Amino acid sequence: MEPVSVIGAGLAGCEAAWQLAGRGVPVVLHEMKPEKMTPAHHAPEFAELVCSNSLRSDQLENAVGLLKEELRRSGSLILACADAHRVEAGGALAVDRHAFSRAVTEQIRSHPLITVEEGEVRQIPDRGQVIVASGPLTSEALSAEIERLLPGSRYLNFYDAAAPLVTFDSVDMDHAWFASRYDKGTADYVNCALSEEEYAAFWRELCAAQEADVHGFEDKSVFEGCMPVEVMARRGVDTLRYGPLKPKGLRDPRTGQTPYAVVQLRKDNADGTIYNLVGFQTHLKWPEQRRVFSMIPALKNAEFVRYGVMHRNTYLDSPRLLDRYYRVRGNERLMFAGQITGVEGYVESTASGFLCAVELARRLLDKPPVDFPQETALGALALYVSNESVGDFQPMNVNFGIIPPLDHRVKGKRNKNAELSQRALGLLGTLDWT
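Okay, so let's go over this structure.

One can describe the packing of helix α2 (residues 63-73) onto helix α11 (residues 413-428) by two numbers: an axis separation of 10 Å at closest approach and a directional angle of 20°. Judged by the angle between their axes, α2 and α11 are roughly parallel. In the crossing of α2 with α11, the sense of the turn from one axis to the other is right-handed. Here Leu66, Glu69, Glu70 and Arg73 of α2 come into contact with α11, specifically with Ser421, Ala424, Leu425 and Leu428. Among the residues making up the contact of α2 with α11, the classes are represented as 4 nonpolar, 1 polar and 3 charged.

Now for the sheet that holds strand β2 (residues 27-31). Hydrogen bonding along the main chain pairs the strands of a sheet, whether they run parallel or antiparallel. In spatial order, the strands read β6-β2-β1-β7-β17-β16; together these 6 strands make up an open sheet with mixed pairing. Only two strands of the sheet have a single partner each, and these edge strands are β6 (114-118) and β16 (327-328). Looking at chain direction, strand β1 (residues 4-7) and strand β7 (residues 130-132) are connected through 3 bridges and run parallel. Residue pairing in the sheet places Ser5 in a bridge with Val130 of β7.

So, about the nonpolar core. Membership of the largest hydrophobic core comes to 96 residues, with the highest contact counts inside it found for Leu20, Ile131, Ile146 and Phe336. The element that contributes the greatest number of residues to this core is helix α9 (residues 346-364), accounting for 10 residues. Not counting residues within four places of it along the chain, the set of residues in contact with Leu20 comprises Val4, Val6, Val25, Val27, Ile131, Ala357, Leu360 and Ala361.

Our next topic: the pairing of strand β8 (residues 155-162). Burial analysis of β8 places 7 of its 8 residues in the buried class, the great majority of the element. With 8 bridges connecting them, β8 and strand β15 (residues 309-316) associate as antiparallel partners. Pairing of Asp160 across the sheet is with His311, part of β15.

All right, on to the pattern of salt bridges then. Close approach of charged atoms allows side chains with opposite charge to pair. Throughout the structure, instances matching the rule amount to 25 salt bridges. Notably, a salt bridge pairs Asp252 with Arg254, separated by 2.6 Å at the nearest N-O pair. Here Arg254 falls in the partly exposed class, since its relative accessible area comes to 45%. The structure contains a network of salt bridges with shared partners spanning Asp58, Glu69, Arg72, Arg73, Asp83 and Arg86.

A separate point is the packing of α2 against α9. Running from N to C, α2 and α9 point in directions that differ by 40°, and their axes come no closer than 10 Å. Crossing of α2 over α9 shows left-handed handedness. On the side of α2, the interface is formed by Val64, Leu67, Lys68 and Leu71, while α9 contributes Val347, Glu348, Thr350, Ala351 and Phe354. Classifying every residue of the contact of α2 with α9 by side-chain character gives 6 nonpolar, 1 polar and 2 charged.

Here the focus is the sheet that holds strand β10 (residues 176-179). Taken in spatial order, the 6 strands of this open sheet run β10-β11-β12-β13-β9-β14, and their pairing is antiparallel. Each edge of the open sheet carries a strand with a single partner, namely β10 and β14 (304-306). Sheet twist, expressed as the mean angle between neighbouring strand axes with direction ignored, is 35°. With 3 bridges connecting them, strand β12 (residues 261-267) and strand β13 (residues 274-277) associate as antiparallel partners.

What counts and what doesn't
- Along each chain, the written sequence defines residue order, and numbers are assigned to residues from 1.
- Only residues with pLDDT of at least 70 get local features here, since the model is predicted, and only at 80 or more are side-chain atom pairs given and counted; chain-wide, interface and lining totals rely on the full set of residues.
- Just so you know, side-chain values use all the structure's heavy atoms and leave hydrogens and water out.
- Lines are fitted to the C-alpha atoms to define the axes, a helix being fitted only along its stretch in contact, and any angle between axes, read from their N-to-C directions, falls within 0 to 180 degrees.
- Helix numbers and strand numbers start at the N terminus; a helix is a DSSP run of H or I with at least 4 residues, a strand a run of E with at least 2.
- Comment on the angle field: the value is read as roughly parallel under 35 degrees, roughly antiparallel over 145, roughly perpendicular from 65 to 115, and oblique elsewhere.
- Throughout, a crossing is termed right-handed when the near helix is turned clockwise from the far one, and left-handed when it is turned anticlockwise from it by less than a right angle.
- Contacts are assigned to residue pairs that have any heavy atoms within 4.5 Å of one another.
- Asp, Glu, Lys and Arg are counted as charged, while Ala, Val, Leu, Ile, Met, Phe, Trp, Tyr, Cys and Pro are counted as nonpolar; the rest, among them Gly, fall into the polar class.
- Any two strands are treated as partners once DSSP identifies two or more bridges connecting them.
- Throughout, nonpolar core names a set of buried Ala, Val, Leu, Ile, Met, Phe, Trp, Tyr and Cys residues whose side chains join them through atoms within 4.5 Å.
- Three labels apply to residues, based on accessible area from a 1.4 Å probe with only protein chains included: buried if under 20% of the type maximum, exposed if over 50%, partly exposed otherwise in between.
- By definition here, a salt bridge exists when the distance from a side-chain nitrogen of Lys or Arg to a carboxyl oxygen of Asp or Glu is within 4 Å.

Have a look at this one:
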């Protein structure tokens, strides 16, 4: 069988390559790292996590929790490696960033049906099956090639940001404590309290801090799900207190009271030596990050091992281009997967790589498509991305709003979501995706 070309060894590309190879389909996986790096990537391993080490909620009352469980039950490589290298994060699935990437890389490189070719792909093969999983920072050469192959299509852009990392030893625990919100799960977050006066001073300096140069950047272009903290702050004095600095569900053990504002730190590696500032994606200049974030009492002497960075993400106008299998309409040998399709988030990227690979393998093996139903998170995401009725298409995380409602009333949002998840998993169990 002629090998399938998979371009990009991020989460989507690795998942796609693994699913194809597991079904007996040979794969050539192209990855430009380490020969060429994007502005957001720093390590040579595959499936590098950039924006956060968290794969978000692991609860079935949350849509991304459902999507993860569907992937687990479907044999996802990414979820298997994530579960094997998780770090405690309350009700979320967070991983040791480097151990996770190493595990994915080792699995991919050791598979006998996967051949890895390093170096930048500047031209898409003109024959054979191709999955483009080049990510939201697709190189200029490959972007030009995609535009050539998709004449008249639109490439759209949004902006994404990564949060700073600090060493745990440099956090002043006299002004912080371990807890999870509402004491849910284990006490995995470091909570850094601010008084009303401390918060007001921090907010003023954050709003006035100097931003790094980002060509063409405007606040209105920022993706709402990963908004820079300084952009959020400029929207109002209390915006942060209802966002990443919300104190609700947290009680300072020193005072027994709920603080005015709380900055949470989440473990970034299994050893617990590095933590990231939750919700602090930023594109401030690096000296400004140190100056302003050190105003948080617990971080007054913080050692920053990585500052936040801002980068442009690119995605397709997928509803006009792709079908429910992530294939290009009218040119079905060409498929896309990952954030370049407009799915937002690590888990969603993995899901797109999984689904398009499963469907491609079945087509090559003369099997009928699976057609994951809209009641499943896998199916709902693919159907949203390919829905031609979606006008102003924007990158989006999976959510219960794109899944059909129940045929009966259920009291309470969590109870309703739990039933939606059980329905989805029941339907998943009736499908043959081998």
